[in-house]
Each structure stands twice: as structure tokens, then as C-alpha cells.
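Examining the three-dimensional arrangement
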Amino acid sequence: MTERQVEQRQHALCRSGNVCAVCGKSIYEYGTPQYAHKLSNSKMNRQKYGSFIVDHTLNGEYTCSLDCNSALLIDNNPRAILFLLADIVTYELKRFAVDNN
């Protein structure tokens, strides 16, 4: 796992409050929490969107089970993908503005 992927998961865990992003149960409800990519971590998505997007902290959430992990996937939802990309761009623009002031 790369340093960026570790950071991505740490940010997602902090955001989660230990609550599943899909069903609202504890992420420990069924044992080990699942880290779920909204836009899947696939070779095709890395080619299409780049590793920056696939590994971005906003592209992942913690879930309590494989079922909830699957429910978070947006690969076949162009509208949800566009909203995710917009959220990532907005997030990075705010970070850039803070870093450059």
C-alpha cells in the first residue's frame, strides 16, 4: 500500500466516526471494517481518471460489510461519478487556496 493510500484510509476512518457510510451501523458490526472505493480501484479507472482520483480521500469510505461495500460503488452511475469528481476538484481548490495564502 502506498503512502497516499494509507493517508486516504486514515482520512476516511476519521470522517466515518466508526459508522458505516451505507447503513449507519458500526463499521465493526461484522468484524473487520471494509474500505470501499466509490469509483473502483481498477486498471481501467486508473487509466480513465488517474491515480490521483482513484486514491483521493473523497473516493473512499468505510463500510461494515461486503454488501455495504458493493452498495457504495458508483462505477455504473455517470451522474454520481460527476458529483464525486466535482467534490474532489472543489476540495483540492480549497486546499490549494489555503496552501497559497
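By convention here, each chain's residues receive numbers from 1 onward along its written sequence. A pLDDT threshold of at least 70 governs which residues receive local features in this predicted model, and a stricter bar of 80 or more applies before side-chain atom pairs are shown or counted, although totals over entire chains, interfaces and linings include all residues. Calculated side-chain values reflect all of the structure's heavy atoms, with hydrogen atoms and water omitted.

**Topic: the overall build of the protein**
Strands here mean DSSP runs of E at least two residues long; helices mean DSSP runs of H or I at least four residues long; both are numbered from the N terminus. Each helix and strand counted, the protein has 5 helices and 2 strands in total. Against the globule reference of 13 Å for 101 residues, the protein gives a C-alpha radius of gyration of 14 Å, in line with a compact fold. Seen through its C-alpha atoms, the protein measures out along the principal axes to roughly 45 × 30 × 25 Å. Burial classification: accessible surface area is computed with a 1.4 Å probe over protein chains only, and a residue below 20% of its type maximum counts as buried, one above 50% as exposed, and the rest as partly exposed. Taken across its 101 residues, the protein has 36% of its residues classed as buried. What makes two residues a contact is simply this: any of their non-hydrogen atoms within 4.5 Å. Taking the intrachain contacts of the protein between residues at least 6 apart in sequence as the baseline, contacts between residues at least 24 apart amount to 72%. Areas reported here follow the Shrake-Rupley algorithm with a probe of radius 1.4 Å; residue values treat only the protein chains shown as occluding. If you sum the accessible surface of the protein, you get close to 6400 Å²; carbon and sulfur atoms cover 56% of it. For the protein, the distance from the average position of its 11 positive side-chain charges to the average position of its 10 negative side-chain charges is 4 Å. In this treatment the radius of gyration is a C-alpha quantity, and the globule benchmark scales as 2.2 Å times the residue count to the 0.38 power. Counted as positive: Lys and Arg. Counted as negative: Asp and Glu. His and the chain ends are not counted at all. We put the charge of a Lys on NZ, of an Arg on CZ, of an Asp on CG and of a Glu on CD.

**Describing the side chain of Asn59**
If you trace the backbone, Asn59 turns up in the loop between helix H3 (51-54) and strand S2 (60-63). For Asn59, a relative accessible area of 0% gives the class buried. Identification of polar contacts relies on pairs of N or O atoms within 3.5 Å, with a donor-acceptor requirement for protein atoms, meaning one able to donate a hydrogen and the other able to accept it, and with residues adjacent in sequence counted only if both atoms are side-chain atoms. Among the polar contacts listed, one links the side chain of Asn59 to the backbone oxygen of Val54, at a separation of 2.9 Å. In this view, Asn59 contacts Gln8, Tyr35, Ala36, His37, Lys38, Leu39, Ile53, Val54 and Leu84; residues no more than four positions away in its chain are not counted.

**Considering helix H1 (residues 3-16)**
Taking 1.5 Å of rise per residue, 14 residues should cover 20 Å, and H1 covers 20 Å from first to last C-alpha, within 8% of that figure. Packing partners of the buried residues in H1 comprise strand S1 (34-37), helix H2 (43-49), H3 and S2. Note on H1: the residue one or two positions beyond its end, Gly17, has a positive phi of about 60°. The span one expects for a helix is its residue count, reduced by one, times 1.5 Å.

**Things to note about the side chain of Ser40**
Tracing the backbone through its elements, the reader meets Ser40 in the loop between S1 and H2. Note on Ser40: relative accessible area 17%, which makes it buried. Within the structure, the side chain of Ser40 is placed 3.0 Å from the side chain of Asn45, a separation counted as a polar contact. Setting aside residues no more than four positions away along its own chain, Ser40 makes contact with Asn45, Val54, Leu73 and Asp75.

These figures come from the coordinates and say nothing about function on their own.
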